[in-house]
Amino acid sequence: MTRDYTPSELLTVMASREMVGVNTIFAGVGIPLLAAILSQRTHSPGLTIIVEGGSIGPEVIPGKLPISTNEMRLSHRAQMLLGINEVFLLTQRGFLEVGFMGGAQIDRFGNVNTTVVGPYEKPRLRLPGSGGANDIISLCRHTVLVTPHERRRFVPKVDFVTSPGWLDGGDSRARSGLIFGGVSRVVTDLGLFGFEAGTKAMQIASLHPGVSLEQVVANTGFELIIPGTIPVTAEPTQEELDTVRALDPDRRFL
Amino acid sequence: MKTADFVEARRRLGEKSLKTTEKLTTLAKAVNLVRDGDHVAFGGCMFTRTPLALAMEILRQGRTGLTISKNLMCYEGEWFMAVDAAQNVITSWLGIGLPWGISRILREKGESGQLRLEDWSHMGLGMRYRAGAMGLPFLPTLTMLGSGLAEVTETRSMACPFTGQTLNLVPALFPDVALLHVHRADRYGNCQIDGYPFMDADIAAASTTVLVTAEEIVDEDEIRRHPDRTAIPGFMVDAVAHVPYGAYPHEMHGLYVADYAHYDTYVDAIKARGTGAIREYLDRFVYGAASHEAYLALFDGEVLKRNEQDAKELLG
């Protein structure tokens, strides 16, 4: 069976489904924000999207997708425009149910690196930095990571913990002072992943249609926990695909 | 960089004039108040309401040894790095945006170990400005804990004296100069902002000297008619210059949208010819244009008009 969608379209659709039943989400820039807008227009019409630039509850115009989380495009039909510090403070207070964000490197405990590849003082690759990612993953009630599934991204241990997931696993996150939240889900273009209750190590939750276990293992740089039976995620619907394509016709993100 | 002591910051504020007096001046004269070695903080965020005319004038006047800070730094940060005007960069993120890829000069300077960049989280840096604005030496937060960011920056953790809970403390930031671009100001420096407020008010209150450019200079009565829209009171402000399109090609809420095509051209040149293309860009748009008016004349008037129209439609 051939499938008529791209990996980034699949990724966006699968991420949007994670927002079903959620009321308030903190969306990071790129695919997470696109997925939030998709979810608002399909599964979750009452979803309040909150972004670090200060927009509360925007309704983005299809074809006018924001590139920055601070621009006018993201203020369209917003309910409120807050200061940046105020947005983070109400996240610290606990009003944000789910954070959605991407990442350059992700490890088996859901830690995210967007700072450096290689040593910090003299990196092989200098990346842009945290932005609000560290704050989202530290302060939301829980966080969903959204990323293409590539071996170079899925590393055993991130070179730098920009945004703390479960740190070294077990109760290490809480011991560091991060008593709220944590990474509950990783959405990739190959499958959905969760974290084992005690160890907090990444495990397979489901694989997307047509994806084999071998394919996932080959694209992951660490040992995933593999359950006895692995469910298959439901195919993207035509409505989901049509909506996401209409949102980003210039394919700045798709 | 050593964190400015909060007592010293208050002493410096004591030397600042708080008089209700004429603050209206030229862009060049406003920037005369920036000294070599100053910590210069930028209002706006990413490519929205960026004080670009002020940034460009600082480069024209050849200031050196600066520390620059901005929460999400766009290509104005690249300019200061490319001509070595800034020795230190305090930020949480640097680039133009995901479609334009990783900043080439950030990579070049970062990977050769030439760059002194402080890696904060967005909120961590925001709380540093907020602490400064509050006149406190630090603020406790629940962010940055357990991360690499806490290890490479000047943070401390402490046990809360009431609950025992571990808190992350971020030290106050007291910039020497704040650069802000606003929608309207009067001649006494009262500033009004439409759209996102970002952190401009915190940055203004934390800084010793506040320089403002405004799209429009309005009568004092106009400010007094809508005092709830005033974001920064005149007594904080040291100089105001009337600079229409003072954020362009970045965007200004309700007035003009960002010129993505201009970013494409800028980044394509860097991709084709390396980071030397940043200097070529500055030679044309900054050093080659004696004033902001001369700078604006380098853009296509039809594009400017379309960007104004698009801004109106977005709010419609």
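Before reading further, recall that the structure is shown in the block above.
All of these numbers come straight from a predicted model, not from anything done at the bench. Every chain is numbered independently, its residues counted from 1 as its sequence is written. Whichever chain is written first becomes A and whichever ligand is written first becomes 1, with later ones labelled in order. Given that the model is predicted, a residue must reach a pLDDT of at least 70 before its local features are reported, and side-chain atom pairs must reach 80 or more before they are shown or counted; all residues, however, enter totals for whole chains, interfaces and linings. Think of the side-chain values as coming from all heavy atoms in the structure, minus any hydrogens and water.

**Quick word on the nonpolar core**
Note the following rule: The criterion is simple. A nonpolar core is a set of buried Ala, Val, Leu, Ile, Met, Phe, Trp, Tyr and Cys residues joined through side-chain atoms within 4.5 Å. Only protein chains enter the calculation, and the probe is 1.4 Å; a residue is then buried if its accessible area is under 20% of its type maximum, exposed if over 50%, and partly exposed in between. In this analysis, two residues are considered to be in contact whenever any of their non-hydrogen atoms come within 4.5 Å of each other.
If you look at the biggest cluster of nonpolar residues, it comprises 174 residues, and the most contacted ones within it are A:Ile25, A:Ile49, A:Met202, B:Phe47, B:Trp79, B:Phe80 and B:Tyr266. Ignoring sequence-local partners within four residues, the contact set of A:Ile25 consists of A:Met19, A:Ala36, A:Leu47, A:Thr48, A:Ile49, A:Ile50, A:Leu96, A:Val98 and A:Phe100.

**Looking at the sheet that holds strand S10 (residues 166–171) of chain B**
Residue and element names in this part refer to chain B. For the record, the criterion: At least two bridges found by DSSP between two strands are what make those strands a pair. Put simply, DSSP marks the helices as runs of H or I at least four residues long and the strands as runs of E at least two long, and each gets a number from the N terminus on. Note on method: axes are straight lines fitted to C-alpha atoms, helices fitted across the in-contact stretch only, with angles between N-to-C directions ranging 0 to 180 degrees.
An order of S8-S10-S9 is seen for the 3 strands of this open sheet, with the pairing classed as antiparallel. Both outer strands of the open sheet, strand S8 (138–141) and strand S9 (156–159), are each paired with one neighbouring strand and no more. Averaged over all adjacent pairs, the angle separating strand axes in this sheet is 35 degrees, with direction ignored. Packing of helix H6 (residues 122–134) onto the sheet brings it into contact with S8 and S10, and relative to S8 it is tilted by some 140 degrees.

**What to know about the packing of aromatic side chains**
Formally: Two rings from Phe, Tyr or Trp (for Trp, the six-membered ring) form a pair when their centres are within 6.5 Å of each other. A pair whose planes differ by under 30 degrees is stacked, one over 60 is edge-to-face, and the rest are tilted. Two limits define a charge over a ring: the Lys NZ or Arg CZ must be within 6 Å of the ring centre, and within 35 degrees of the ring normal.
A full pass over the atoms with the stated rule returns 24 aromatic pairs over all chains. Relative to B:Tyr248, the ring of B:Tyr245 lies with its centre 5.2 Å away and its plane at 75 degrees, an arrangement referred to as edge-to-face. By relative accessible area, which is 11% here, B:Tyr245 ends up buried. Residue B:Tyr248 is classed as buried on the basis of its relative accessible area, which comes to 0%. In this structure, A:Arg173 is placed above the aromatic ring of A:Trp166, and the distance from its NZ or CZ to the ring centre is 5.9 Å. The aromatic ring of A:Trp166 is capped on one face by A:Lys200, whose charged end is 4.2 Å from the ring centroid.

**Considering the environment of A:Gly118**
Residue and element names in this part refer to chain A. Within the element layout of this structure, Gly118 appears in the loop between strand S8 (116–117) and strand S9 (125–126). Under the relative-accessibility criterion, Gly118 is labelled buried at 10%. Residues Gly118 and Asp159 lie 41 residues apart in sequence; the distance between their C-alpha atoms is 6.0 Å. Those residues in contact with Gly118 that lie beyond four places of it in its chain are Pro123, Arg124 and Asp159.

**Examining the side chain of A:Arg126**
Residue placement: A:Arg126 occurs in strand S9. Here A:Arg126 falls in the buried class, since its relative accessible area comes to 5%.

**Some details on the packing of helix H1 (residues 7–17) of chain A against helix H7 (residues 238–247) of chain A**
Residue and element names in this part refer to chain A. Put simply, the rule reads: Note that the term roughly parallel is reserved for angles under 35 degrees, roughly antiparallel for angles over 145, roughly perpendicular for angles of 65 to 115, and oblique for everything else. The residue classification treats Ala, Val, Leu, Ile, Met, Phe, Trp, Tyr, Cys and Pro as nonpolar and Asp, Glu, Lys and Arg as charged. All others, Gly included, are polar.
Relative to each other, H1 and H7 sit at 110 degrees, their axes nearing to 10 Å. Judged on the interaxial angle alone, H7 and H1 are roughly perpendicular. Two secondary-structure elements touch here, H1 through Glu9, Thr12, Val13 and Arg17 and H7 through Glu240, Leu241, Val244 and Arg245. Grouping the constituent residues of the contact of H1 with H7 by class yields 3 nonpolar, 1 polar and 4 charged.

**Some details on the interface of chain A and chain B**
Test applied: Throughout, buried area stands for the accessible area (probe radius 1.4 Å) lost by two parts on being put together, summed over both. What counts as a salt bridge is simple: a side-chain nitrogen of Lys or Arg found within 4 Å of a carboxyl oxygen of Asp or Glu. The term polar contact refers here to a pair of N or O atoms within 3.5 Å; inside protein, the definition further demands a hydrogen-donor-capable atom paired with an acceptor-capable atom, and it admits residues adjacent in sequence only when both atoms are side-chain atoms.
The interface of chain A with chain B comprises 58 residues on the first partner and 60 residues on the second. Interface area, chain A with chain B, both sides summed: about 4,600 Å², of which 61% is carbon and sulfur. The interface formed by chain A and chain B holds 3 salt bridges in total. In this structure, the salt-bridge partner of B:Arg130 is A:Glu86, at a minimum N-O distance of 2.7 Å. On the surface where chain A and chain B come into contact, there are 28 residue pairs in polar contact (both at pLDDT 80 or more). When contributions to the side of chain A that touches chain B are tallied by element, the ones reaching two or more residues are helix H3 (84–93), S9 and helix H4 (133–139) of chain A. Among the elements that take part in the side of chain A that touches chain B, H3(A) stands out by supplying 6 residues, more than any other. A class-by-class count of the residues in the side of chain A that touches chain B yields 25 nonpolar, 22 polar and 11 charged.

**With respect to the pattern of salt bridges**
The full count for this structure, using the stated rule, is 32 salt bridges over all chains. A salt bridge links A:Arg153 to A:Glu150; its shortest N-O distance comes to 3.2 Å. In this structure A:Arg153 comes out as buried when scored by relative accessible area, which is 18%. Given a relative accessible area of 26%, A:Glu150 falls into the partly exposed group. With a closest N to O distance of 2.8 Å, B:Asp200 and B:Arg49 form a salt bridge. One end of the pair, B:Asp200, is in helix H8 (residues 200–206); the other, B:Arg49, is in the loop between strand S2 (39–42) and helix H3 (52–60), and 151 residues separate them in sequence. As far as burial versus exposure is concerned, B:Asp200 and B:Arg49 are alike and both buried. What emerges from the salt-bridge pattern is a single network uniting A:Glu9, A:Arg245 and A:Arg251.

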